[in-house]
Amino acid sequence: SSKTFWTTTGMFPQELIIGFPKCVKISKVSIQCYLVRTLRIERSTSEDPVGFEQCIEKDLQHREGQLQMEEFPLPEFQATYLRFIIKSAFDHFVSVHRVMAEGM
């Protein structure tokens, strides 16, 4: 829902884990967030959310008063879980409004 979002509690790093019903192939991940400075995306192919490996880490541009919309084209890889780690921010609190994974 565009009316809901996830917000941090003020300390960093913070993480958000998204699980899929089974292992899927992903070609692109998109995120809409606010005030995120450094974001790392990791994946796991385990049945449980363990054994994560880093896929990408990026410093995002600050957009005063606007959502940050970032796309991460990734070589097709498999994942059962995606972990989004917000390592740092432009303020004490940040929000994540939408996460999308494209693939099969």
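See above for the structure.
Keep in mind it's a predicted model, so treat the numbers as computed, not measured. In every chain, residue numbers begin from 1 and rise along the written sequence. Since the coordinates come from a predicted model, pLDDT governs what is reported: local features require at least 70, and pairs of side-chain atoms require 80 or more to be given and counted, while whole-chain, interface and lining totals use all residues. Side-chain measures here rest on the full set of heavy atoms in the structure, leaving out hydrogens and waters.

Caption draft 1: Quick peek at the state of the cysteines. Cysteine sulfur atoms that come within 2.5 Å of each other are treated as a disulfide pair. One pass over the structure, following the stated rule, counts zero disulfides. Free cysteine: Cys33, not disulfide-bonded; nearest cysteine sulfur from Cys55 at 17 Å. For Cys55, which is in no disulfide, the shortest distance to another cysteine sulfur is to Cys23 and amounts to 12 Å.

Caption draft 2: Representation of the side chain of Thr80 within the structure. Position of Thr80 relative to the elements: it lies in strand 5 (residues 68-89). In this description, contact between two residues means that some pair of their heavy atoms is separated by no more than 4.5 Å. Beyond its immediate sequence surroundings of up to four residues, Thr80 is in contact with Ile18, Gly19, Phe20, Lys22, Cys23, Ser44, Thr45 and Ser46. Per the convention used, a helix needs a DSSP run of H or I reaching at least four residues, while a strand needs a run of E reaching at least two, with both numbered from the N terminus.

Caption draft 3: Summary view of the sheet that holds strand 3 (residues 36-44). Pairing between strands requires that DSSP locate at least two bridges from one strand to the other. One open sheet holds the six strands; their spatial order is 1-6-2-5-3-4, and the pairing between them is antiparallel. Looking at the sheet topology across the chains shown, the edges are occupied by strand 1 (6-7) and strand 4 (53-59). Relative to strand 5, strand 2 (residues 14-34) runs antiparallel, the two sharing 15 bridges. Looking across to strand 5, one finds that Gln14 is bridged to Ile86.

Caption draft 4: Region of interest: the side chain of Gln14. Locating Gln14 in the fold gives a position in strand 2. Relative accessibility under 20% of the residue-type maximum defines a buried residue, over 50% an exposed one, and the middle range a partly exposed one, all with a 1.4 Å probe and only protein chains included. When its relative accessible area of 12% is taken as the criterion, Gln14 is described as buried. Any pair of N or O atoms that falls within 3.5 Å is considered a polar contact. Within protein, one atom must be able to donate a hydrogen and the other to accept it, and sequence-neighbouring residues count only if both atoms are side-chain atoms. There is a polar contact of 2.9 Å between the side chain of Gln14 and the side chain of Thr9. Looking at Gln14, its side chain comes within polar contact range of the main-chain oxygen of Met11, at 2.7 Å.

Caption draft 5: Molecular detail of the nonpolar core. Think of a nonpolar core as a cluster: buried Ala, Val, Leu, Ile, Met, Phe, Trp, Tyr and Cys residues, connected wherever their side-chain atoms sit within 4.5 Å. Counting 21 residues, the largest nonpolar core has Leu39, Leu82 and Phe84 as the members making the most contacts within it. Those elements that provide at least two residues to this core are strand 2, strand 3 and strand 5. Broken down by element, this core gets its largest block of residues, eight residues, from strand 5. Once you skip the residues sitting within four places of it in the chain, Phe84 turns out to touch Gln14, Glu15, Leu16, Ile18, Val29, Ile31, Leu39, Arg40, Ile41 and Val99.

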